[in-house]
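Tertiary structure, described
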Amino acid sequence: MLATTGTLAVAPSILAACGSSTTSSGALVIGTPQNPVTLPSTGEAIADGLANEGGTMEVLNWADYTNPEVIADFEKAFGITIKQTIYDSEDAALAKLRNGTLKPDLIIGFTDTGLARLVAGDLVQPLNQTYIPNRSNLLAGLQNPYYDQGSQYTIAQFIYGNGIGFRSDRIDAAQVAAEGYDSLWNSTYAGKLAVIDSYRDTISLALLQAGVTDVNTSDEGLLAAAQENLIRLREATSPKVDIVSYTEIPAGNRDIAYMWGGDALAMPFFLPEGTTSDVLGFWYPDQTITANDFFCIPKTSAKPVAAHQFINYLTDVDVAIKNQTYVGYQPALTGVTVEAMLSSGGIVESVADAVVTQERYESGARLVSLEPAVDAAWNDVWTTFTAG
């Protein structure tokens, strides 16, 4: 039984609030699955047939997000040295790209919630698809994504869905499945629970837990109710707010967490020696967020040819499977199946439910870019939650 359950008290009219649509605010062009967009041109792509530039290529990336062996293989094959700069927040990275603090040659891991701002800020260059024939390996829907029709600026990399990771040696999997999102409001897990340090993901959690499926809402009542729900979550469980549950759950430092499914797939890599993977579990909700990230090339890139080559290299099926065995996240390629990942040792059965099928991806809710005023309202909710 739940010791504490957070619920949103909202009127039916609020629950029926309409979803987002494609819109434009000045130069901010926002796509949704219902209304795909062709983004405005910000210049010309590089010419065909150029040799790579050699030297050192600067890559902006998440921590532990590309297999060092894959990087070494690419460096040897293409005569390029890769130097990585790590970021832990898309918003913070975007601010540094805008002010020139960061000047990478390639960006790995941004999502469509930031793409409109990258394009509006004239921060990315169009891709020359002749350098990226492996684009055809992508899942069908991601060869021509709603947020970037024609893949003018982006090539999808990883795909994931949000859910709940847990220690199955401490929490019964059947109980998590029965309680669902309510598990995260259960005071039994106080001090042993975490949520994602991402305002869009965790505010959406508060909405989904209450049965609200519009995860891009601009409705003030819904956002106010989500804020109250997050405060109840905070008071019930004192959650950690970070992105390290993929290491903390295996280490035994927490029991349960709302997390990106790709992080759940990576959990077995961080188990202490002698601990078997059956102590881990993952619950995939019927109603959840599915997403993908992508590669893009900054307009100021000094190594655009090498950047194109690295994108193409990482979207080769065999290379992607090797990369997955280190990163955990599921490549958005048709050839990277559950069977292929199990065979390679990239995933284990106990967390295989975190794998996103084409059907799961298509049925999941998408976080799309918000217009500035709406985004500010979401950030106000987040500030209230995290300040407590």
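About the cut-offs
Residues numbered from 1 in each chain as written. Predicted model: local features only at pLDDT ≥ 70, side-chain atom pairs only at ≥ 80, totals over all residues. Heavy atoms only, no water. Helix = DSSP H or I, 4+ residues; strand = E, 2+ residues; numbered from the N terminus. Rg over C-alpha atoms; globule rule 2.2 N^0.38 Å. Buried < 20%, exposed > 50% of the residue type's maximum accessible area, 1.4 Å probe, protein only. Contact = heavy atoms within 4.5 Å. Areas by Shrake-Rupley, 256 points an atom, 1.4 Å probe, with all protein chains shown as cover. Lys, Arg positive; Asp, Glu negative; His and termini not counted. Charge placed at Lys NZ, Arg CZ, Asp CG, Glu CD. Salt bridge = Lys/Arg side-chain N within 4 Å of Asp/Glu carboxyl O. Phe/Tyr/Trp six-rings, centres within 6.5 Å; stacked < 30°, edge-to-face > 60°. Lys NZ or Arg CZ within 6 Å of the ring centre and 35° of its normal. Axes fitted to C-alpha atoms, helices over the stretch in contact; angles between N-to-C directions. Parallel < 35°, antiparallel > 145°, perpendicular 65-115°, else oblique. Left-handed = near helix turned anticlockwise from the far one by under 90°. Nonpolar A, V, L, I, M, F, W, Y, C, P; charged D, E, K, R; others polar. Polar contact = N/O pair within 3.5 Å; in protein donor to acceptor, adjacent residues only side chain to side chain. Pairing = 2+ DSSP bridges. Right-handed = clockwise from strand over helix to strand, strands pointing away.

So, the overall build of the chain
Each helix and strand counted, the chain has 14 helices and twelve strands in total. For the chain, whose C-alpha radius of gyration is 21 Å, the value lies close to the compact-globule estimate of 21 Å for 388 residues. With the C-alpha coordinates aligned to their principal axes, the bounding extent of the chain is approximately 65 × 55 × 35 Å. The proportion of buried residues among the 388 residues of the chain is 55%. If you take every contact in the chain between residues at least 6 apart in sequence, the share linking residues at least 24 apart comes to 78%. Here the chain has roughly 15,000 Å² of accessible surface; of this, 49% comes from carbon and sulfur atoms. The average position of the 20 basic charges and that of the 44 acidic charges among the side chains of the chain differ by 6 Å.

Observations regarding the pattern of salt bridges
Summed over all chains, the structure comprises eight salt bridges. Close ionic contact of D242 with R254 constitutes a salt bridge, the shortest N to O distance being 3.0 Å. With a gap of twelve residues between them, D242 in strand β8 (residues 240-242) and R254 in the loop between α8 (245-251) and β9 (256-260) connect regions that are remote in the sequence. The pair D242 / R254 is uniform in exposure class, with both members buried. R360 serves as the salt-bridge partner of D353, at 2.8 Å between the closest nitrogen and oxygen. Using a relative accessible area of 33% as the deciding quantity, one classes D353 as partly exposed. Through salt bridges that share partners, E69, D73 and K322 make up one connected network.

Overview of the packing of aromatic side chains
Under the defined criterion, the tally for this structure stands at 17 aromatic pairs. Between Y246 and F270 the ring centres are 5.1 Å apart and the planes differ by 75 degrees, which places this aromatic pair in the edge-to-face class. With Y246 in helix α8 and F270 in the loop between α9 (261-266) and β10 (280-283), this residue pair connects regions lying 24 residues apart in the sequence. When its relative accessible area of 31% is taken as the criterion, F270 is described as partly exposed. Members of the aromatic cluster, joined through ring pairs, are W62, Y87, F110 and W260. Stacked on the ring of W378, the Lys or Arg R200 has its end atom at 4.8 Å from the ring centre. Looking at R360, its charged tip hangs above the ring of Y284, at a distance of 3.8 Å from the centre.

Some thoughts on the packing of helix α2 (residues 68-78) against helix α10 (residues 304-314)
Running from amino to carboxyl end, α2 crosses α10 at an angle of 130 degrees, the nearest separation of the two axes being 11 Å. With respect to α10, the element α2 is oriented oblique. Once α2 is placed against α10, the crossing between them reads as right-handed. Together, V70, I71, D73, F74 and F78 of α2 and A306, Q309, F310, Y313 and L314 of α10 make up the contact between the two elements. Residue classes in the contact of α2 with α10 are distributed as eight nonpolar, one polar and one charged.

A few points about helix α11 (residues 317-327)
Taken together, the buried positions of α11 are V319, A320, I321, N323, Q324 and V327. Residues of α11 that are buried make contact with α2, β6 (155-167), α9, α10, β12 (330-331) and α12 (338-344). Where α11 begins, the side chain of D316 points an oxygen toward the backbone nitrogen of D318, at a separation of 3.1 Å. In the segment just after α11, G328 is the residue with positive phi, at about 95 degrees.

What about the pairing of strand β3 (residues 56-61)?
For β3 and strand β4 (residues 81-86), the ladder comprises six bridges, and the chain directions are parallel. The residue bridging T56 from the neighbouring strand is T81, located in β4. In this view, the connection linking β3 to its parallel neighbour β4 by way of α2 has right-handed handedness. One ladder, built from two bridges, connects β3 with strand β5 (residues 106-111); its direction is parallel.

A word on the pairing of β5
With six of six residues buried, β5 is to be regarded as a mostly interior element. As judged from the four bridges shared by β5 and strand β11 (residues 290-296), these two strands associate in the antiparallel manner. In the sheet register, F110 faces β11, and the bridge partner there is F294.

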